[in-house]
Amino acid sequence: MIRMKKLLAKVLASVLIFSCVGCGDSSGKESAAEDNEALTVIGFSQPGAESAWRVALTDSVQEAFSEDRGYKLIYKDGQSKQDNQIRDIRTFIQQGVDYIILSPIVESGWDTVLSEAKQAGIPVIICDRNVVVSNESLYTAFVGSDFKSEGEKAVAYLQEMYEADEAGNLPEVNIVHIQGTIGSSAQIGRSNALIKACEDNSNWHIIVEECGEFTKAKAREIMDNTLQEINSDSIDVLYCENDEMAMGAIAALNEAGIAYGNENDITVISFDGSVGALQLCQNGQIDLVVECNPLQGPYLLNIVEMLNSNKTVPKITYVDEKYFAKDDLSEEYIKSRKY
Ligand code: GYE
């Protein structure tokens, strides 16, 4: 209903502009309001600003939904609280936006507010992380990463690194696992791949598992505490579910004078693929960086443009992602990266 009203408003606005041509009495304010009416309004709810990755996603969406492309983007930062995101979505509904783009901090707890958006006739596009809802019709499309695949890429790399020796003996693999926000699809996908690998490989053991909330500070704290409690000689793998946390944990290892990375005993795994992490990978401090692509603006713009033209859109669109070890990287390539 609201979308019909907005369509009518746009038609009226253009009629008004036509009828005012030459009458000389349309004020700048009126034409600004009419211009505004002609824009497609997008409400964009981000969970927070916890990492360079998150900022890159925000930048990509803001760049895609620019005013000269006919869009007005209303950005809200949820300050890492689901309640704030739910409040922000309700504000978008009251404002009568044309679309809502939601990057959900966790997968569950969205049914009620997405039902309200549906009632209001506002399509919701999920991006980045996913939601788990009772009825898939509560959102129109998902654009983001296949986190299960990301985890599997990391585990396959470790599988190759810790295979049996010539005599068929398997090495013990002790893992420090620093997780992202519990309940987020990024954490679920990346954690489950590792947990399944430990079930499949009896010689793999998670000796520490804590949530670093995808932040550098929290991961640093976890690693500092870990190094107080266990001998670093017993650590074979540091599995961090994003670059910020890998950098935080590495800072603790540096502080303690403990060697890690390519030539050393602690294999470091990270996710995202930010420039900072790729530089650490290129110089041998991080062994593997699994890319998680935040440049989702163009994918989201394509979905909205298709919806604006009443075209059917795919329910799921995975963004292109790869992974990097030291030999895959050069300074030139890293410089060419957008985030
Ligand atoms: O890995 C992390 C960010 O949701 C995939 O959230 C995203 C994750 C990303 O804080 O850096």
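Below is a short write-up of the structure. Just so you know, these numbers come straight off a predicted model, no measurement behind them.

The rules behind each value
Residues numbered from 1 in each chain as written. Predicted model: local features only at pLDDT ≥ 70, side-chain atom pairs only at ≥ 80, totals over all residues. Heavy atoms only, no water. Phe/Tyr/Trp six-rings, centres within 6.5 Å; stacked < 30°, edge-to-face > 60°. Helix = DSSP H or I, 4+ residues; strand = E, 2+ residues; numbered from the N terminus. Lys NZ or Arg CZ within 6 Å of the ring centre and 35° of its normal. Axes fitted to C-alpha atoms, helices over the stretch in contact; angles between N-to-C directions. Parallel < 35°, antiparallel > 145°, perpendicular 65-115°, else oblique. Contact = heavy atoms within 4.5 Å. Nonpolar A, V, L, I, M, F, W, Y, C, P; charged D, E, K, R; others polar. Salt bridge = Lys/Arg side-chain N within 4 Å of Asp/Glu carboxyl O. Buried < 20%, exposed > 50% of the residue type's maximum accessible area, 1.4 Å probe, protein only. Pairing = 2+ DSSP bridges. Right-handed = clockwise from strand over helix to strand, strands pointing away. Left-handed = near helix turned anticlockwise from the far one by under 90°. Near = heavy atom within 4 Å. Polar contact = N/O pair within 3.5 Å; in protein donor to acceptor, adjacent residues only side chain to side chain. Areas by Shrake-Rupley, 256 points an atom, 1.4 Å probe, with all protein chains shown as cover. Domains from an automatic or database assignment.

**Focus on the packing of aromatic side chains**
Here is step 1 of the chain: Using the criterion set out here, one finds five aromatic pairs in the structure.
Here is step 2 of the chain: With a centroid separation of 6.3 Å and 75 degrees between ring planes, the pair formed by Phe142 and Tyr318 is classed as edge-to-face. Linking Phe142 in strand S5 (residues 141-144) with Tyr318 in strand S11 (residues 316-318), this pair joins segments that are 176 residues apart in sequence.
Here is step 3 of the chain: It is Lys315 that lies over the ring of Tyr139; its NZ or CZ is 4.3 Å from the centre.

**Notes on the packing of helix H4 (residues 82-95) against helix H5 (residues 111-119)**
Here is step 1 of the chain: Contact pair H4 / H5: the axes reach a minimum separation of 10 Å and the direction vectors enclose 10 degrees. Classified by the angle their axes make, H4 and H5 are roughly parallel. Of the residues in H5, those in contact with Ile86, Ile89, Arg90 and Ile93 of H4 are Thr112, Val113, Glu116 and Ala117.
Here is step 2 of the chain: Its residues assigned to classes, the contact of H4 with H5 comprises five nonpolar, one polar and two charged.

**Looking at the pattern of salt bridges**
Here is step 1 of the chain: Evaluation of the coordinates by the stated rule reveals 14 salt bridges.
Here is step 2 of the chain: Its salt-bridge partner being Asp128, residue Arg54 comes within 2.7 Å of it at the nearest N-O pair. Placement of Arg54 in helix H3 (residues 52-64) and of Asp128 in strand S4 (residues 124-128) is noted, with a sequence separation of 74 residues between them.
Here is step 3 of the chain: Counted as one network, the salt bridges with shared partners bring together Glu50, Arg54, Asp128 and Arg129.

**Brief notes about the pairing of strand S10 (residues 288-291)**
Here is step 1 of the chain: Where burial is concerned, the two faces of S10 agree: the one with Leu288 and Val290 and the one with Val289 and Glu291 are both buried.
Here is step 2 of the chain: Summarising the sheet, strand S9 (residues 267-272) and S10 pair through four bridges and their orientation is parallel. When the sheet's bridge partners are listed, Phe271 is paired in S10 with Val290.
Here is step 3 of the chain: With helix H10 (residues 275-282) bridging S9 and its parallel neighbour S10, the resulting β-α-β unit is right-handed.
Here is step 4 of the chain: Here S10 runs beside strand S12 (residues 323-324); their pairing, made up of two bridges, is antiparallel. Residue pairing in the sheet places Val289 in a bridge with Phe324 of S12.

**A few points about the packing of helix H8 (residues 216-229) against helix H9 (residues 243-256)**
A pair of packed helices is captured by two measures, namely the crossing angle of their axes and the spacing between those axes.
Here is step 1 of the chain: The N-to-C vectors of H8 and H9 enclose an angle of 40 degrees; their axes lie 7 Å apart at closest approach. For the element pair H8 / H9, the angle class is oblique. Classified by chirality, the crossing of H9 by H8 is right-handed. Contacts between H8 and H9 involve Lys216, Ala219, Arg220, Met223, Asp224 and Leu227 from the former and Glu244, Met245, Met247, Gly248, Ala249, Ala251, Ala252, Leu253, Glu255 and Ala256 from the latter.
Here is step 2 of the chain: Taken together, the residues of the contact of H8 with H9 sort by class into 10 nonpolar, one polar and five charged.

**Some points on the site of the ligand**
Here is step 1 of the chain: Around the ligand sit 13 residues in total, of which Glu50, Asp128, Arg129, Arg190 and Asp272 are the nearest.
Here is step 2 of the chain: Within the contact set of the ligand, an oxygen atom lies 2.8 Å away from a side-chain nitrogen or oxygen of Arg190.
Here is step 3 of the chain: In isolation the ligand has 300 Å² of accessible area, and contact with the protein removes 100% of it.
Here is step 4 of the chain: Breaking the shell around the ligand down by element, the ones donating at least two residues are H3 and helix H7 (185-200).
Here is step 5 of the chain: Here the shell around the ligand is composed, by residue class, of five nonpolar, two polar and six charged.
Here is step 6 of the chain: Residue assignment places the shell around the ligand across two domains, with domain 1 (4-143 + 294-319) and domain 2 (147-292 + 325-336) each supplying three or more.

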